[in-house]
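# Descriptive structure summary
Chain by chain, the residues run as shown.
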Amino acid sequence: MRDTDDILGILFDKDGTLIDFNRSWLGIITSLARSAAPDAAAARQLVARGGYDWDQQKFLGGSVVAAGTMEDLVDLWHPALDPAERAARIAQYDKATAAQGSSSAVGLVDLHKSLDALAEQGLLLGIATNDSEAGARATAETLGLTGLFHSIIGYDSVARPKPWPDQLALFAARTGLDPRAIAMVGDNTHDLEMAHAAGAGLAIGVLSGNGTREQLAPLADIILNSIADLPALFG
């Protein structure tokens, strides 16, 4: 296991890392699909195309909904839109998910306790999500977490979202930390790919979301069950 002593900041993915992905997002994606589809059967198919496995009753790791942005979802569901229509649809979906996401977000077990402990240890905390920045801020506000985070970064806060290095680079710039002093924590491979692309000090996978141990292991320096294990790791 790589040394944690030089880590001064932790950048968290949001969905599947801080909040329960499936409980928080199935209703939102279903609502979007119903607005886009002619009937219930077609909406169900759109949800499945987004990555939801109806048999396993969960979104699959690496799927568009689990790992992509709203731009990716619009391109998947509406590939024939012209640029203006595409931009309008993305804005519509971002607005809907920001409103619905904050009200339906379900925090993972010991979320507040874990983040409070890390903040008390002097670590700078941030969020980097492929959700919109407005959506991430609304969720953090609803869950009472806003004051714990130095920065909240969405896919639309940077030129290139995960797995590109831009979000971690922005967090480093805002905090003044060297990327090698930052640990990236996430439940999907694109979180860990960003960590490596940005030169992060640690890439930490968590099994609380959609990624499996087998998917995360090739990219993770450390794999934990959830962020509840982080205070002991950095204590």
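Residues numbered from 1 in each chain as written. Predicted model: local features only at pLDDT ≥ 70, side-chain atom pairs only at ≥ 80, totals over all residues. Heavy atoms only, no water.

## Here we look at the environment of L125
With respect to the helices, strands and loops of the structure, L125 is situated in strand β4 (residues 124–128). On a C-alpha basis, the gap between L125 and L18 in space is 12 Å, while along the polypeptide they are 107 residues apart. The contact partners of L125, leaving out residues within four places of it in the chain, are I10, F12, L115, L118, A119, L148, F149, H150, S151 and F171. (Helix = DSSP H or I, 4+ residues; strand = E, 2+ residues; numbered from the N terminus. Contact = heavy atoms within 4.5 Å.)

## As for the sheet that holds strand β1 (residues 9–12)
Pairing in this open sheet of 6 strands is parallel, and the strands run β5-β4-β1-β6-β7-β8 from one edge to the other. Looking at which strands have only one partner, the edges of the open sheet turn out to be β5 (151–153) and β8 (222–224). Strand-to-strand twist in this sheet, taken as the mean axis angle between neighbours without regard to direction, amounts to 20°. Sheet topology note: the β4/β5 ladder contains 3 bridges and is parallel. By the bridge assignment for β5, I127 is matched with I152. (Pairing = 2+ DSSP bridges. Axes fitted to C-alpha atoms, helices over the stretch in contact; angles between N-to-C directions.)

## Observations regarding helix α7 (residues 133–142)
Residues of α7 that are buried include every one of G135, A136, T139 and A140, and no others. The buried residues of α7 all sit within an arc of 130° when viewed along its axis, so they share a single face. Residues of α7 that are exposed and point more than 90 degrees away from the buried face comprise A134 and E141. Tucked inside the fold, the buried residues of α7 contact α5 (83–104) and β5. (Buried < 20%, exposed > 50% of the residue type's maximum accessible area, 1.4 Å probe, protein only. Arc of directions from axis to C-beta.)

## Considering the environment of A181
Here A181 is to be found in the loop between α8 (166–175) and β6 (182–186). The spacing of A181 and T4 is 177 residues in sequence and 9.0 Å in space, taken between C-alpha atoms. Setting aside anything within four residues of it in sequence, one finds A181 in contact with D6, I7, L8 and G9.

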